[in-house]
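# Tertiary structure, described
Take a look at the letters that make up each chain.
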Amino acid sequence: MQDTYDAIVVGAGPSGSVAAYIMARGGLKVLLLERGTYPGSKNMFGGTIYAVPTAEIFPEFWEEAPWERAVTTEYLYFLDDNSAFQIGFTNQTYGKPPYNKLVVHRGKFDSWLAQKAVSEGAVLQTHSLVTRLLYSEHRFSKGRVQGVELDNGQKYYADIVILAEGINAFLTKQAGLRSDIPAETVKLYVKQVFRLPRDIMEERFHLDGDEGAVYGFVGYPTAGIIGKAGIWLGKETLGLIVGGFLNQLAQKRMSPYELLERTKRHPMISRLLRGAEPIEYAAHMIPKGGFKMIPQLYDHHLLVAGDAATMVSGRRGTDLAMLSGKMAAEIALQAHAKGDFSQKILAGYGWKINESFFMNDIRAKKNYDKYVKKYQDSDYLISRAMNEFGSAYFRVDMSAEQDKMKRIQQELKQMQLPLKSVKDVWQALRNWEVL
Ligand SMILES: Cc1cc2nc3c(=O)[nH]c(=O)nc-3n(C[C@H](O)[C@H](O)[C@H](O)COP(=O)(O)OP(=O)(O)OC[C@H]3O[C@@H](n4cnc5c(N)ncnc54)[C@H](O)[C@@H]3O)c2cc1C
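Note that the structure is predicted; figures quoted are calculated from it, not measured. (Residues numbered from 1 in each chain as written. Predicted model: local features only at pLDDT ≥ 70, side-chain atom pairs only at ≥ 80, totals over all residues. Heavy atoms only, no water.)

In this section: helix α13 (residues 378-394). Between its terminal C-alpha atoms α13 stretches 24 Å, which fits the 24 Å expected from 17 residues at 1.5 Å a residue. Considered for burial, the residues of α13 that qualify are Ser378, Asp379, Leu381, Ile382, Ser383, Ala385, Asn387, Gly390 and Ala392. In this structure, the buried residues of α13 make contact with β4 (69-79), β5 (84-90), β12 (211-219), β13 (227-233), α12 (368-374) and α14 (401-414). (Helix = DSSP H or I, 4+ residues; strand = E, 2+ residues; numbered from the N terminus. Expected span 1.5 Å × (residues − 1). Buried < 20%, exposed > 50% of the residue type's maximum accessible area, 1.4 Å probe, protein only. Contact = heavy atoms within 4.5 Å.)

It is worth spelling out the site of the ligand at this point. The local shell around the ligand holds 36 residues, among which Glu34, Arg35, Thr48, Asp307 and Thr318 are the closest. At a separation of 2.8 Å, an oxygen atom of the ligand approaches a polar side-chain atom of Ser15. Here an oxygen atom of the ligand and a side-chain polar atom of Thr318 are 2.5 Å apart. Burial of the ligand by the surrounding chains reaches 96%, relative to a free accessible area of 1,000 Å². Mapped by element, the contributors of at least two residues to the shell around the ligand are α1 (14-25), β3 (48-50), β15 (277-287) and α9 (318-338). For the shell around the ligand, the element with the most residues is β15, which contributes three residues. (Near = heavy atom within 4 Å. Polar contact = N/O pair within 3.5 Å; in protein donor to acceptor, adjacent residues only side chain to side chain. Areas by Shrake-Rupley, 256 points an atom, 1.4 Å probe, with all protein chains shown as cover.)

The grouping of Tyr393, Phe394 and Met405 at the surface amounts to a nonpolar patch, some 330 Å² of accessible area in total. Residue class for Phe394 comes out exposed when judged on its relative accessible area of 66%. (Patch = residues over 30% accessible without salt bridge, like charges linked within 9 Å, V, L, I, M, F, W, Y side chains within 5 Å. Salt bridge = Lys/Arg side-chain N within 4 Å of Asp/Glu carboxyl O.)

Take the pattern of salt bridges next. Taken as a whole, this structure holds 17 salt bridges when the rule is applied. Ionic pairing is found between Glu202 and Arg69, a salt bridge with its closest N-O pair at 3.1 Å. With Glu202 in helix α5 (residues 198-204) and Arg69 in strand β4, this pair connects stretches of sequence that are 133 residues apart. For Glu149, the salt bridge is made with Arg132, and the minimal N-O distance between the two is 2.7 Å. Taken together, the positions of Glu149 in strand β9 (residues 145-150) and Arg132 in strand β8 (residues 130-135) put the pair 17 residues apart, joining distant regions of the chain. Take Glu149: its relative accessible area is 14%, and that puts it in the buried class.

Given below as structure tokens:
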């Protein structure tokens, strides 16, 4: 039958396209459904994909994939109203294969990924919003998943469905694999993209050729909300993002757009943006619930991958999405070979995820929510303290050096910093998130 496939993948983001690619390469008849007008049209992120994990799936992908710049330098700025404490790191070898982080445009990169699946024989269908999972008729229970239905009523059938639908995960919820996503477990970011002539960009940011830089900003931009701002540099575009925990934005009645305007006004940031022409806006959420928010990853004839499965650790999202998509596809291939799509066989996916290096990271941070609750304004306070220290330390006045240092010490003590002991510093470093 024309509308029957071996496997259906919902969502042509990094996790879905990789799952479709691996299954199609393994000989399955695969349908990849995407609600957007093209893969990546609905997807927004900071800006970097990670070369080593991506090459695990597509060796030497940088030869053919569309990328903008290879990040050789990262800066982290702790901002106060008029000052900035900065740290940074540069490594020139990151500018050469096998690279480290590559800045990409999601529209182009996600389209390339989906085309990899198509080149192996997968059918990509865009403008296709899946609204419902289809279940087989069963007298006493809801039966087993046997396909999906689109908003226009079109139905497609398959032995297995992989949900790679991103953070909103409506279908994962519909399948009973996850509950509602609480506001304190997601961060909401807004991104504004600007155009800047290449020669100005390279001169302003000290870049040579395809070298790139990433700027992280803590403190001032988020007005006390736990979150960050950042700048990612493309060839001739520059993306500024800012955002924070959704519940804190709501409590403080701040929209991410207000944070964006505030960030652009900072004297340090406004000069980086000088002359840049705004070309687009986007907003997106990122799951930050960690280990405790991981849904049930499989059911009979059903698997969940990527953001829908909360496979995010710190700044890393696209790579874990792709790796989890690959793992899901590998189990689907095994199930197909056995002709058995029961929970028992698909549990192998849960096992693979559990044994992965990234699950170790996610597990290690399982009390992140408690840290966030306890130290709601830690980023802001640490940033302020560093700026107070910097301002006092670098100011030349008429006091003796020893007296100056004593004064700085007293001022910092009065600030009620959350970092009082070595244990506190360790906790802060463990829970530090640059995004
Ligand atoms: C502000 C921000 C900054 C980030 N920065 C980085 C970074 O620098 N590096 C990094 O690696 N990660 C970053 N991430 C995380 C990263 O973007 C995600 O982890 C990654 O995109 C997840 O991939 P995915 O395929 O699981 O989901 P998505 O990329 O969200 O893709 C899901 C796809 O499914 C489609 N879809 C959803 N529902 C349906 C449906 N019902 N029917 C049909 N199609 C559907 C969507 O249109 C979308 O194309 C960032 C995220 C945010 C929000």
